[in-house]
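Breakdown of the fold
Residues per chain are reported as follows:
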Amino acid sequence: MADEAADAPPQRMRFTYFDFASGGRGFMVRAALHHANAEWEDIRLSFPAFMAAKQEGKYPTGVPVLELVS
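Residues numbered from 1 in each chain as written. Predicted model: local features only at pLDDT ≥ 70, side-chain atom pairs only at ≥ 80, totals over all residues. Heavy atoms only, no water.

**What to know about the side chain of Arg30**
Defined as follows: Secondary structure elements follow DSSP: runs of H or I no shorter than four residues count as helices, runs of E no shorter than two count as strands, and numbering proceeds from the N terminus. Only protein chains enter the accessibility calculation, which uses a 1.4 Å probe. A residue is then buried if its area is under 20% of the maximum for its type, exposed if over 50%, and partly exposed in between. Residues scored as positive are Lys and Arg, those scored as negative are Asp and Glu, and His as well as the terminal groups of each chain are ignored. Any carboxyl oxygen of Asp or Glu within 4 Å of a side-chain nitrogen of Lys or Arg constitutes a salt bridge here. Pairs of residues are marked as contacts when any of their non-hydrogen atoms sit within 4.5 Å.
In this fold, Arg30 is placed in helix 2 (residues 27–35). One buried charged side chain, Arg30, makes no salt bridge at all; its nearest oppositely charged neighbour is Asp42, positioned 4.1 Å away. Excluding its chain neighbours within four sequence positions, the residues that come into contact with Arg30 are Phe15, Tyr17, Trp40, Asp42 and Arg44.

**Here we look at the pairing of strand 1 (residues 12–18)**
Heads up, the condition is: Two strands qualify as a pair provided that DSSP identifies no fewer than 2 bridges between them. When the strands point away from the viewer, a crossover counts as right-handed if the path from the first strand over the helix to the second runs clockwise.
Within strand 1, 5 of the 7 residues are buried, which leaves it mostly tucked inside the rest of the structure. Direction of pairing for strand 1 relative to strand 3 (residues 65–69): antiparallel, over a ladder of 5 bridges. From the neighbouring strand, Met13 faces strand 3, where its bridge partner is Leu68. Bridge count between strand 1 and strand 2 (residues 40–45): 6 bridges; the pairing is parallel. Note that in strand 2 the partner of Arg14 across the bridge is Glu41. Each parallel crossover has a hand, and for strand 1 linked through helix 2 to strand 2 it is right-handed.

**Let's talk about unusual backbone geometry**
Cis rather than trans, the peptide bond between Val63 and Pro64 has omega equal to 15°. Within the secondary structure, Pro64 is located in the loop between helix 3 (47–55) and strand 3. The phi torsion at Asn37 lies on the positive side, around 55°, for a residue other than glycine. Residue position: Asn37 is located in the loop between helix 2 and strand 2. A relative accessible area of 71% means that Asn37 is categorised as exposed. Its identity is not glycine, yet Tyr59 carries a phi of approximately 55°, on the positive side. Mapped onto the elements, Tyr59 comes out in the loop between helix 3 and strand 3. Relative accessible area serves as the criterion here: at 18%, Tyr59 is assigned to the buried category.

**Notes on the sheet that holds strand 1**
Inclusion rule: Axes here mean lines fitted to C-alpha atoms, for a helix over just the part in contact, with angles spanning 0 to 180 degrees between N-to-C directions.
Taking strand neighbours across the sheet as the criterion, the 3 strands line up as 2-1-3 in an open arrangement whose pairing is mixed. Looking along the sheet, the strands with just one partner apiece sit at the ends: strand 2 and strand 3. Adjacent strand axes in the sheet meet at a mean angle of 20° when their direction is disregarded.

Structure representation (structure tokens):
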């Protein structure tokens with residue numbers, strides 16, 4: 001019997017976080033994604049860009065945010 005999870009295509013991810021030189025809270029997630037050789041989109045936000053997006057209703061719980069993309 002084939003393992004359905006193994007046969008499924010890998011799921012893409014989108015990781016959004018603040019672009020801090022020190023890495024901030026997003027550093028460990030980025031490190032884990034790199035270590036796993038995962039396919040992911042790296043979205044780094046400046047604070048002004050975050051505030052503009054928040055005014056538009058994005059990121060209601062803040063960042064970092066890891067999304068699974070279909």
